[in-house]
Structure formats: C-alpha cells, structure tokens
Amino acid sequence: MSAVQLSPAQKSRLLALARQAIEGALQKETSAVHKRSGIEASDIYGIFVTLRKSGQLRGCIGELGGIKGDLGAAAERTAIKAAFSDPRFPALQSEELPSLELEISLLEQPQACRFGDLDPLRFGVIVEQASRRGVLLPEIEGLNDPAEQLRIVLNKAGIAPDSEYRLFRFAAHKCEAAQ
C-alpha cells in the first residue's frame with residue numbers, strides 16, 4: 001500500500017503505536033509485544049517521526065530505504081529513536097509526555113534532481129557525498145526558500161556548499177493528530 005493511500009484510521013493507528021512505544025519505553029516495559037498494525041510498507045521508501053513539545057522541535061529521526069513489512073513496527077522503532085536517541089536533545093522524560101505532539105512522515109522514493117527542482121513546500125531533500133548524507137523533510141514552518149533548504153541540508157550533512165554532491169528530492173505524506 002502506498003503512503004498516499006493510507007486511510008485516516010490507518011494514520012491514527014500509526015500515531016497511536018508510536019506513542020504507545022514511547023510510553024512503554026518510559027515505563028521500562030521490555031516485555032511489550034508488538035501488535036501487527038496490518039499496514040504494509042511496500043511502497044514506502046522511508047519513515048520519520050518528529051516530536052514537538054509545546055510546538056518546539058523535541059526530536060526527529062528516521063529510516064531511509066529498506067522499510068519492509070509491517071509499517072507499525074517501523075513507526076514504533078523510529079518513535080523510540082526520536083524520543084531517546086536524537087543527539088540534539090536529552091532523552092525524553094515522563095513529565096514531557098502530556099505535551100508531546102507526534103508527526104509521522106512517510107517518504108516516497110527520492111528522485112535525482114537539480115537545485116532548480118527544489119521546492120521546500122512540496123519536497124524534502126537528500127544530499128549525499130561519499131559516506132555523508134543529510135535529509136530535510138518538506139513543509140518546515142518558515143522555510144520556503146530553496147537556497148535556504150539546500151544550505152541547511154548541506155550543513156546537516158557536513159558537506160561544503162562548493163563541493164560536488166548528489167541531490168535528491170522526495171514527497172512525504174504526513175500522519176499527524178488533528179489539532
């Protein structure tokens with residue numbers, strides 16, 4: 001099933017599984033058994049979980065390529081990484097959970113592109129150079145300039161702007177709780 005074809009109920013299920021995984025990790029539930037979501041990841045290239053606390057970024061980690069089988073398992077894995085392993089933030093604490101907002105981005109297969117093909121309101125971007133890679137999701141609040149999008153992703157990857165690198169763009173489909 002393509003990310004585009006996820007129903008509102010399936011999107012809600014993924015968000016619930018991600019939140020439950022974080023709650024279980026906070027409660028140190030090591031015996032929690034993953035329940036299959038019934039949502040297959042066959043056409044999904046990547047998954048990112050973004051956490052916000054009171055509207056501010058609190059964690060964002062994803063997986064690219066190789067998303068196979070049950071999408072719920074990928075949502076759970078990625079949510080736990082975003083909550084406890086994002087190097088920009090300390091591990092999430094229990095008292096933060098009530099104000100935590102979750103968003104899941106399901107990425108389509110990236111396409112090679114040139115700078116002129118970038119549109120931060122429609123497409124995320126990936127830059128690669130040897131073993132370095134940077135990823136920036138689309139629709140980041142306040143980011144609508146392709147040059148700024150490219151500057152940020154190059155900086156994330158540690159790639160000099162005047163060096164050679166490969167550039168890709170991708171569409172992302174968001175699962176987010178109704179506000």
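The rules behind these values
Residues numbered from 1 in each chain as written. Predicted model: local features only at pLDDT ≥ 70, side-chain atom pairs only at ≥ 80, totals over all residues. Heavy atoms only, no water. Salt bridge = Lys/Arg side-chain N within 4 Å of Asp/Glu carboxyl O. Helix = DSSP H or I, 4+ residues; strand = E, 2+ residues; numbered from the N terminus. Buried < 20%, exposed > 50% of the residue type's maximum accessible area, 1.4 Å probe, protein only. Pairing = 2+ DSSP bridges. Axes fitted to C-alpha atoms, helices over the stretch in contact; angles between N-to-C directions. Polar contact = N/O pair within 3.5 Å; in protein donor to acceptor, adjacent residues only side chain to side chain. Parallel < 35°, antiparallel > 145°, perpendicular 65-115°, else oblique. Left-handed = near helix turned anticlockwise from the far one by under 90°. Contact = heavy atoms within 4.5 Å. Nonpolar A, V, L, I, M, F, W, Y, C, P; charged D, E, K, R; others polar.

Draft legend 1. Representation of the pattern of salt bridges within the structure. The full count for this structure, using the stated rule, is ten salt bridges. Between E63 and R77 there is a salt bridge; the shortest N-O distance is 2.9 Å. Placement of E63 in strand β2 (residues 56–64) and of R77 in helix α2 (residues 71–84) is noted, with a sequence separation of 14 residues between them. On the basis of relative accessibility, which here comes to 14%, the residue E63 falls in the buried class. Under the relative-accessibility criterion, R77 is labelled partly exposed at 39%. A salt bridge links D86 to R88, with the nearest nitrogen and oxygen atoms 2.7 Å apart.

Draft legend 2. Representation of the sheet that holds strand β3 (residues 100–107). Ordered in space as β2-β1-β3-β8, the four strands form an open sheet in which the pairing is antiparallel. With one partner strand each, in any of the chains shown, β2 and β8 (172–176) form the two edges of the open sheet. Within the sheet, the average angular offset between the axes of one strand and its neighbour, ignoring direction, is 20°. Bridge count for strand β1 (residues 46–53) against β2 is eight bridges, and the pairing is antiparallel.

Draft legend 3. A look at the side chain of Q10. Positionally, Q10 belongs in helix α1 (residues 8–26). There is a polar contact of 2.8 Å between the side chain of Q10 and the backbone nitrogen of S7.

Draft legend 4. Seen up close, the packing of α1 against α2. Remark: α1 packs on α2, axes separated minimally by 8 Å, with the N-to-C direction vectors making an angle of 50°. By the angle between their axes, α1 is oblique relative to α2. Handedness of the crossing formed by α1 with α2: right-handed. Only L71, G72, A75, E76, A79, I80, A83 and F84 of α2 make contact with α1, whose side of the interface consists of L14, L17, A18, A21, I22, A25 and L26. Of the residues contributing to the contact of α1 with α2, the split by class is 13 nonpolar, one polar and one charged.

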